[in-house]
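This is what each chain is made of:
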Amino acid sequence: MTTAVPDGAVHTDPALQAYGFATEQVHAGFVPDAGHGARITPVYLSNGFLFDDFDQAAGRFAGEDEGYYYTRYGNPTIASVERRLAALERGQASVAVASGQAALTITFLTLLQQGDHVVSARSIYEGTRGLLREDFARFGITASFVPDPNDADALAAAFRPDTKAVFVESIPNPGNELPDLELVTRVAHAHGVPVIVDNTLATPYLVRPILHGADIVVHSTSKFLSGHGSAIGGAIVDAGTIPDFTARARELAGRFGPTLSPFNAFLLQQGIETLSLRVRQHSANALELARWLEGRPEVASVAYSGLTSSPYHALAARYLPNGQGSVFAFTLRGGIDAARSLIDNVTLFSRMTHLGDVRSLILHPASTTHIHLTPAELAENGIGPGTIRLSVGIEDVSDLVRDLERSITRVRRPPFDR
Ligand SMILES: *Cc1c(COP(=O)(O)O)cnc(C)c1O
């Protein structure tokens, strides 16, 4: 009989490591159900697990017996998806939690304490920026935001004696300012500091940050990994370079309590099984739409790393050879009126703040996700009144082009703009 592994470690057939991505996304980490032989890992919606006797109960609490005892600390459905994610990211182990924000919070709190400092890229998810700037600041953990983490001297200059973590996103949104992962990890490791990479927008199908030196990878699994847009979740993947990291993160997640529902873990696993197919289509659609937008007279600029015009194109060729993802921004010449008109006229794109969904989504960052930024901060992030963010789905791209074309031509060009 195969024993389930509560710690989420990759206890899988070593031969599987030699299989391709598409094979691993449907098989890695699968442990046959000993009770009934279910082919799909069942949804174990059980808060607790029975102890055979007095000694087994004591053993589970002492960590001497590998079985489960309480879902906040481990659950077979959650452990199954943890093993798969660890394998796909080439990590040693993974801890799944209730959301991407929980994954970031638990990661930072595992590595940091009062008085510690984080060096972060400036272009990151607004939720993470707020967490670092406002919430952690209240507990004595501070952060510096580096405008260009690919400038090795500027990055090195941001380090302080109390710097304990470096944070970047493999594909930042909406601007796609790709970090040079090997440069960033080289500078951080020279200072003895681990690197955390948020790999939400790329997924392991496009890049595996651990293979480029990252120590920890975090995900909002709510996005591309699930794809269906019906289950919030998060995950932390441990490269195994920080002593005891997984055990400490799991303990902390148990204490703070952001437990992933086993039902959401099940939905996540269903999503992961088609990840490569979806992300390939997302990326192909996004490239075609970005090229189309670049050729439109109404569009001033397109920030997609797959375009040869992007200053990040060389980094994309190096780190994202399988595709450049599908979340990017473009800026309309007509400012906020043009943006409002386009967004109000689309019928196939969903007006929504989410990303990585199989459906195409459209959003105006300056009035929504980035509403709290000052005009100077908006400009630094390349967000103007006419900037629109797309998360391109897997629909037929001709239908997406038609929806944008029909809507964009209703945009009145400003009278003096030629
Ligand atoms: C959505 C997102 C998060 C937060 O994830 P939730 O699952 O919504 O909590 C963090 N980082 C990035 C890059 C994201 O896109």
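Small disclaimer: the values here were computed from a predicted structure and weren't measured.

(A) Representation of the confidence of the model for the protein chain within the structure. On average, residues of the protein chain carry a pLDDT of 94, and 94% of them reach 70 or more. Under a pLDDT of 50 for its full length, residues 1–11 has, in the predicted model, 35 contacts with residues more than four places off or in other chains.

(B) Highlighting the site of the ligand. Residues in contact with the ligand amount to 13 residues; listed here are only the nearest, G100, D198, S220, S222 and K223. Here a nitrogen atom of the ligand sits 2.7 Å away from a polar atom, N or O, in the side chain of D198. When isolated, the ligand has an accessible area of 380 Å², and the protein chains bury 92% of it. When residues in the shell around the ligand are grouped by element, the largest group, 3 residues, is from helix α4 (residues 100–111). Its residues assigned to classes, the shell around the ligand shows 3 nonpolar, 7 polar and 3 charged.

(C) Seen up close, the sheet that holds strand β8 (residues 299–303). What the 5 strands build is an open sheet, ordered β8-β9-β12-β11-β10; its pairing is mixed. A strand with exactly one partner marks an edge of an open sheet, and here the two such strands are β8 and β10 (350–351). Inspection of the sheet shows β8 paired to strand β9 (residues 327–332) by 4 bridges, in the antiparallel sense. Note that in β9 the partner of S301 across the bridge is T331.

(D) Layout of the sheet that holds strand β4 (residues 163–169). Strands sit in the order β1-β7-β6-β5-β4-β2-β3 across an open sheet of 7 strands; the sheet is mixed. Where the open sheet ends on each side, the last strands, each with one partner, are β1 (93–97) and β3 (142–146). Recorded for the sheet is a direction-independent mean angle of 20° between the axes of neighbouring strands. Where strand β2 (residues 117–121) meets β4, 4 bridges bridge the pair, whose relative direction is parallel. Counted as the bridge partner of H117 is T163 from β4. Along the sheet, helix α3 (residues 76–88) makes contact with β1 and β7 (234–238), crossing β1 at roughly 130°.

(E) Expanded view of the packing of aromatic side chains. Under the criterion given, the structure shown has 8 aromatic pairs. Relative to Y68, the ring of F49 lies with its centre 5.6 Å away and its plane at 45°, an arrangement referred to as tilted. Taken together, the positions of F49 in the loop between α1 (21–27) and α2 (54–62) and Y68 in the loop between α2 and α3 put the pair 19 residues apart, joining distant regions of the chain. Summarising the burial analysis for this pair, F49 and Y68 share the class buried. Here the aromatic rings of F108 and F167 are separated by 5.7 Å at their centres, their planes lie at 65°, and the arrangement is edge-to-face. You can see F108 sitting in helix α4 and its partner F167 sitting in strand β4, a full 59 residues away along the chain. Judged on exposure class, the residue F108 and its partner F167 are both buried. Following the ring pairs from residue to residue traces out a cluster consisting of F51, F61, Y69 and Y73. Here the basic side chain of R39 rests over the ring of F30, its NZ or CZ set 4.7 Å away from the ring centre.

(F) Spatial organisation of the environment of S301. Within the secondary structure, S301 is located in strand β8. Discounting residues that sit within four places of it in the chain, S301 has contacts with F330 and T331.

(G) Local environment of the environment of Y319. Mapped onto the elements, Y319 comes out in helix α12 (residues 313–319). As for Y319 and V31, which are separated by 288 residues in sequence, their C-alpha atoms are 32 Å apart. One polar contact links the side chain of Y319 to the main-chain amide nitrogen of L181, over a distance of 3.4 Å. Within the structure, Y319 has its side chain in polar contact with the backbone nitrogen of E182 (distance 2.9 Å).

(H) Local environment of the nonpolar core. Among the nonpolar cores identified, the biggest contains 70 residues, and F108, L155, V166, I196 and L320 are the most heavily contacted of them. Among the elements that line this core, the one with the most residues is α4, at 6 residues. In this structure, F108 is in contact with V118, T128, L131, L132, F136, F167 and I196, ignoring residues within four places of it in sequence. By size, the runner-up hydrophobic cluster in this structure holds 28 residues, among which are L293, F330, V401 and I408.

(I) View of the pairing of β1. Of all the 5 residues making up β1, 5 are buried; the element is thus mostly covered by neighbouring parts of the structure. Here β1 shows two buried faces, one formed by A93, V95 and V97 and the other by S94 and A96. For β1 and β7, the ladder comprises 5 bridges, and the chain directions are antiparallel. From the neighbouring strand, S94 faces β7, where its bridge partner is V237.

Reading the values: rules and limits
Residues numbered from 1 in each chain as written. Predicted model: local features only at pLDDT ≥ 70, side-chain atom pairs only at ≥ 80, totals over all residues. Heavy atoms only, no water. pLDDT = per-residue confidence, 0-100. Contact = heavy atoms within 4.5 Å. Near = heavy atom within 4 Å. Polar contact = N/O pair within 3.5 Å; in protein donor to acceptor, adjacent residues only side chain to side chain. Areas by Shrake-Rupley, 256 points an atom, 1.4 Å probe, with all protein chains shown as cover. Helix = DSSP H or I, 4+ residues; strand = E, 2+ residues; numbered from the N terminus. Nonpolar A, V, L, I, M, F, W, Y, C, P; charged D, E, K, R; others polar. Pairing = 2+ DSSP bridges. Axes fitted to C-alpha atoms, helices over the stretch in contact; angles between N-to-C directions. Phe/Tyr/Trp six-rings, centres within 6.5 Å; stacked < 30°, edge-to-face > 60°. Buried < 20%, exposed > 50% of the residue type's maximum accessible area, 1.4 Å probe, protein only. Lys NZ or Arg CZ within 6 Å of the ring centre and 35° of its normal. Core = buried A, V, L, I, M, F, W, Y, C linked by side-chain atoms within 4.5 Å.

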